[in-house]
Amino acid sequence: MGAHTSSGDDTWRSKLSSDGSIYVHDLRHLINLKVTCPVQNPTVWISLVSTNVVCFVWRACLDQIPTSTDLAMRKVNIAILSCHSCNSGMDESNHILVNCPIAIGALSWILNWCQVSGQQFNSVAELVDFAAQWGRCPKKRNIFIAIVYGFLWCGWKARNAKVFDNARTSSFNLADGIITLVFNWAGANIFPPFKKKGNNRE
(Lines give C-alpha, C1' and ligand atoms only; values in the text may rest on other atoms or scores of the structure.)
Protein backbone atom coordinates (compact mmCIF):
# COMPACT_ATOMS: atom_id res chain seq x y z
CA MET A 1 0.00 0.00 0.00
CA GLY A 2 1.15 3.58 -0.63
CA ALA A 3 0.01 7.11 0.01
CA HIS A 4 -0.71 9.41 -2.91
CA THR A 5 -1.04 13.16 -2.48
CA SER A 6 -3.42 15.20 -4.58
CA SER A 7 -5.16 18.53 -4.53
CA GLY A 8 -8.15 16.82 -2.92
CA ASP A 9 -8.37 14.56 0.11
CA ASP A 10 -5.50 12.15 0.76
CA THR A 11 -6.31 8.58 -0.22
CA TRP A 12 -4.84 5.13 0.29
CA ARG A 13 -4.66 2.58 -2.50
CA SER A 14 -3.79 -1.08 -2.03
CA LYS A 15 -1.37 -2.79 -4.38
CA LEU A 16 -2.94 -6.13 -3.46
CA SER A 17 -6.17 -5.60 -5.42
CA SER A 18 -6.87 -4.56 -8.99
CA ASP A 19 -9.20 -1.71 -7.99
CA GLY A 20 -6.97 -0.32 -5.26
CA SER A 21 -9.42 -1.14 -2.47
CA ILE A 22 -8.30 -2.77 0.77
CA TYR A 23 -9.80 -6.23 1.37
CA VAL A 24 -9.20 -8.52 4.33
CA HIS A 25 -8.96 -11.64 2.13
CA ASP A 26 -6.09 -10.04 0.14
CA LEU A 27 -4.22 -9.30 3.37
CA ARG A 28 -4.92 -12.84 4.59
CA HIS A 29 -3.49 -14.26 1.36
CA LEU A 30 -0.37 -12.11 1.69
CA ILE A 31 0.14 -13.24 5.30
CA ASN A 32 -0.12 -16.89 4.24
CA LEU A 33 2.55 -16.30 1.59
CA LYS A 34 4.89 -14.74 4.14
CA VAL A 35 4.72 -17.32 6.94
CA THR A 36 7.77 -19.52 7.25
CA CYS A 37 5.87 -22.79 7.09
CA PRO A 38 3.40 -23.58 4.28
CA VAL A 39 -0.31 -23.31 5.02
CA GLN A 40 -2.22 -26.05 3.20
CA ASN A 41 -5.67 -25.16 4.48
CA PRO A 42 -7.80 -22.04 4.31
CA THR A 43 -8.60 -20.53 7.70
CA VAL A 44 -12.06 -19.09 7.12
CA TRP A 45 -12.77 -15.76 8.79
CA ILE A 46 -16.48 -15.50 9.55
CA SER A 47 -18.44 -12.95 11.53
CA LEU A 48 -20.08 -15.63 13.69
CA VAL A 49 -16.79 -16.32 15.48
CA SER A 50 -14.84 -13.82 17.56
CA THR A 51 -11.49 -12.70 16.17
CA ASN A 52 -9.44 -14.16 19.02
CA VAL A 53 -10.89 -17.63 18.37
CA VAL A 54 -10.21 -17.43 14.62
CA CYS A 55 -6.64 -16.32 15.35
CA PHE A 56 -6.25 -19.26 17.74
CA VAL A 57 -7.46 -21.71 15.06
CA TRP A 58 -5.06 -20.20 12.56
CA ARG A 59 -2.15 -20.62 14.96
CA ALA A 60 -3.25 -24.15 15.84
CA CYS A 61 -3.19 -25.05 12.13
CA LEU A 62 0.40 -23.82 12.05
CA ASP A 63 1.19 -25.79 15.24
CA GLN A 64 2.12 -22.53 16.95
CA ILE A 65 0.07 -22.58 20.14
CA PRO A 66 1.89 -22.74 23.51
CA THR A 67 1.66 -26.44 24.24
CA SER A 68 4.21 -28.17 26.47
CA THR A 69 6.17 -29.54 23.51
CA ASP A 70 6.15 -26.14 21.81
CA LEU A 71 7.45 -24.42 24.94
CA ALA A 72 10.12 -27.12 25.40
CA MET A 73 11.34 -26.47 21.85
CA ARG A 74 11.75 -22.83 22.90
CA LYS A 75 14.04 -23.97 25.74
CA VAL A 76 11.40 -23.51 28.45
CA ASN A 77 11.84 -26.03 31.26
CA ILE A 78 8.67 -28.17 31.20
CA ALA A 79 8.30 -31.05 33.67
CA ILE A 80 5.55 -32.97 31.82
CA LEU A 81 5.41 -33.25 28.03
CA SER A 82 2.67 -35.85 27.79
CA CYS A 83 -1.02 -35.08 27.25
CA HIS A 84 -2.52 -33.98 30.57
CA SER A 85 -5.86 -35.62 29.80
CA CYS A 86 -4.92 -39.10 28.59
CA ASN A 87 -1.14 -39.48 29.14
CA SER A 88 -1.06 -41.58 25.96
CA GLY A 89 0.28 -38.89 23.65
CA MET A 90 2.34 -35.75 23.68
CA ASP A 91 1.00 -32.35 24.71
CA GLU A 92 1.10 -30.94 21.19
CA SER A 93 -1.62 -29.23 19.18
CA ASN A 94 -2.72 -32.05 16.90
CA HIS A 95 -2.93 -34.58 19.71
CA ILE A 96 -4.73 -32.50 22.34
CA LEU A 97 -7.20 -30.96 19.86
CA VAL A 98 -8.08 -33.86 17.54
CA ASN A 99 -6.31 -37.10 18.55
CA CYS A 100 -6.76 -37.27 22.33
CA PRO A 101 -9.51 -39.82 23.19
CA ILE A 102 -11.57 -37.08 24.87
CA ALA A 103 -11.31 -34.89 21.75
CA ILE A 104 -12.15 -37.83 19.47
CA GLY A 105 -15.24 -38.65 21.51
CA ALA A 106 -16.43 -35.03 21.60
CA LEU A 107 -15.87 -34.57 17.87
CA SER A 108 -17.76 -37.77 17.09
CA TRP A 109 -20.71 -36.53 19.14
CA ILE A 110 -20.57 -33.10 17.45
CA LEU A 111 -20.41 -34.57 13.94
CA ASN A 112 -23.36 -36.81 14.72
CA TRP A 113 -25.29 -33.79 16.06
CA CYS A 114 -24.50 -31.91 12.84
CA GLN A 115 -25.62 -34.93 10.79
CA VAL A 116 -22.17 -35.20 9.24
CA SER A 117 -20.90 -38.66 8.39
CA GLY A 118 -18.13 -39.98 10.60
CA GLN A 119 -14.67 -38.70 9.74
CA GLN A 120 -11.21 -39.20 11.19
CA PHE A 121 -8.63 -36.44 11.23
CA ASN A 122 -4.92 -36.59 11.90
CA SER A 123 -4.36 -32.87 12.36
CA VAL A 124 -6.09 -29.60 13.13
CA ALA A 125 -5.37 -28.48 9.56
CA GLU A 126 -7.23 -31.50 8.15
CA LEU A 127 -10.29 -30.75 10.28
CA VAL A 128 -10.33 -27.04 9.37
CA ASP A 129 -9.88 -27.86 5.69
CA PHE A 130 -12.76 -30.35 5.85
CA ALA A 131 -15.03 -27.72 7.44
CA ALA A 132 -14.06 -25.08 4.87
CA GLN A 133 -15.08 -27.38 2.01
CA TRP A 134 -18.04 -29.15 3.60
CA GLY A 135 -21.49 -29.05 2.03
CA ARG A 136 -23.01 -26.99 -0.77
CA CYS A 137 -25.04 -24.49 1.25
CA PRO A 138 -22.93 -21.46 2.31
CA LYS A 139 -25.12 -20.78 5.36
CA LYS A 140 -24.84 -24.34 6.64
CA ARG A 141 -21.12 -24.36 5.90
CA ASN A 142 -20.52 -21.18 7.93
CA ILE A 143 -22.46 -22.62 10.85
CA PHE A 144 -20.47 -25.85 10.63
CA ILE A 145 -17.21 -23.89 10.50
CA ALA A 146 -18.27 -22.00 13.62
CA ILE A 147 -19.00 -25.31 15.37
CA VAL A 148 -15.59 -26.72 14.39
CA TYR A 149 -13.85 -23.58 15.62
CA GLY A 150 -15.86 -23.81 18.84
CA PHE A 151 -14.75 -27.43 19.19
CA LEU A 152 -11.08 -26.47 18.88
CA TRP A 153 -11.43 -23.49 21.23
CA CYS A 154 -13.25 -25.48 23.91
CA GLY A 155 -10.71 -28.28 23.59
CA TRP A 156 -7.92 -25.81 24.25
CA LYS A 157 -9.72 -24.27 27.22
CA ALA A 158 -10.37 -27.75 28.67
CA ARG A 159 -6.70 -28.59 28.28
CA ASN A 160 -5.69 -25.40 30.11
CA ALA A 161 -8.23 -26.06 32.87
CA LYS A 162 -6.64 -29.48 33.41
CA VAL A 163 -3.10 -28.08 33.39
CA PHE A 164 -3.67 -25.11 35.68
CA ASP A 165 -6.66 -26.13 37.81
CA ASN A 166 -6.57 -29.94 37.55
CA ALA A 167 -10.16 -29.77 36.28
CA ARG A 168 -11.24 -32.96 34.56
CA THR A 169 -13.74 -33.17 31.72
CA SER A 170 -15.34 -35.83 29.55
CA SER A 171 -16.16 -36.09 25.87
CA PHE A 172 -19.84 -35.49 26.60
CA ASN A 173 -19.22 -32.44 28.79
CA LEU A 174 -16.82 -31.03 26.20
CA ALA A 175 -19.40 -31.50 23.42
CA ASP A 176 -22.11 -29.91 25.54
CA GLY A 177 -19.87 -26.91 26.21
CA ILE A 178 -19.14 -26.54 22.50
CA ILE A 179 -22.84 -26.42 21.60
CA THR A 180 -23.54 -23.88 24.34
CA LEU A 181 -20.64 -21.69 23.19
CA VAL A 182 -21.73 -21.66 19.55
CA PHE A 183 -25.32 -20.91 20.54
CA ASN A 184 -24.00 -17.92 22.49
CA TRP A 185 -22.04 -16.80 19.44
CA ALA A 186 -24.71 -17.21 16.84
CA GLY A 187 -28.09 -17.37 18.56
CA ALA A 188 -30.54 -20.23 18.32
CA ASN A 189 -32.46 -18.59 15.45
CA ILE A 190 -29.88 -19.63 12.84
CA PHE A 191 -29.54 -23.23 13.98
CA PRO A 192 -32.50 -24.98 12.28
CA PRO A 193 -30.11 -26.69 9.79
CA PHE A 194 -28.87 -28.79 12.72
CA LYS A 195 -30.47 -30.47 15.72
CA LYS A 196 -31.35 -28.26 18.67
CA LYS A 197 -29.41 -28.69 21.91
CA GLY A 198 -30.79 -31.43 24.08
CA ASN A 199 -32.31 -33.47 21.25
CA ASN A 200 -31.27 -37.04 20.53
CA ARG A 201 -28.47 -37.22 23.06
CA GLU A 202 -26.92 -40.62 23.09
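Residues numbered from 1 in each chain as written. Predicted model: local features only at pLDDT ≥ 70, side-chain atom pairs only at ≥ 80, totals over all residues. Heavy atoms only, no water.

> When you look at helix 7 (residues 138-165) in this model, what are you seeing that I'm missing?
Helical geometry: 3.6 residues make up each α-helical turn, so side chains three or four residues apart lie on a common side. The end-to-end C-alpha distance of helix 7 is 39 Å, a good match for the 40 Å that 28 residues give at a rise of 1.5 Å each. Count one or two residues on from helix 7 and you reach Asn-166, which has phi positive near 55°. (Helix = DSSP H or I, 4+ residues; strand = E, 2+ residues; numbered from the N terminus. Expected span 1.5 Å × (residues − 1).)

> Which parts of the structure should I look at to understand the packing of helix 7 against helix 8 (residues 171-186)?
For any two helices packed against each other, one specifies the inter-axial angle together with the distance between the axes. Taken N-terminus to C-terminus, the directions of helix 7 and helix 8 make an angle of 125°; their axes are 9 Å apart at the nearest point. When the axis of helix 7 is compared with that of helix 8, the two are oblique. For the crossing formed where helix 7 meets helix 8, the hand is right-handed. Residues Ala-146, Ile-147, Tyr-149, Gly-150, Phe-151, Trp-153, Cys-154, Gly-155 and Ala-158 of helix 7 pack against Leu-174, Gly-177, Ile-178, Leu-181, Val-182 and Trp-185 of helix 8. A breakdown of the residues in the contact of helix 7 with helix 8 according to their chemical character gives 12 nonpolar, 3 polar and no charged. (Axes fitted to C-alpha atoms, helices over the stretch in contact; angles between N-to-C directions. Parallel < 35°, antiparallel > 145°, perpendicular 65-115°, else oblique. Left-handed = near helix turned anticlockwise from the far one by under 90°. Contact = heavy atoms within 4.5 Å. Nonpolar A, V, L, I, M, F, W, Y, C, P; charged D, E, K, R; others polar.)

> Honestly, the layout of surface pockets in this entry has me stumped. Any pointers?
Rolled over the atoms, a probe with the dimensions of a water molecule shows which regions are left empty. Its boundaries defined by the atoms lining it, the largest pocket holds a volume of some 180 Å³. In terms of lining, the largest pocket is formed by 14 residues, of which the most central are Ile-104, Ser-108, Leu-111, Gln-119 and Gln-120. Contributing elements (two or more residues each) for the lining of the largest pocket: helix 4 (93-99) and helix 5 (101-113). A total of 5 residues in the lining of the largest pocket trace back to one element, the largest contributor, which is helix 5. When its residues are assigned to classes, the lining of the largest pocket shows 6 nonpolar, 8 polar and no charged. (1 Å grid on protein atoms, 1.4 Å probe; cavity = no way out; pocket = protein on both sides within 12 Å on 5 of 7 lines; lining within 4 Å. Points joined across faces, edges and corners; volume = space filled by probe spheres on them.)

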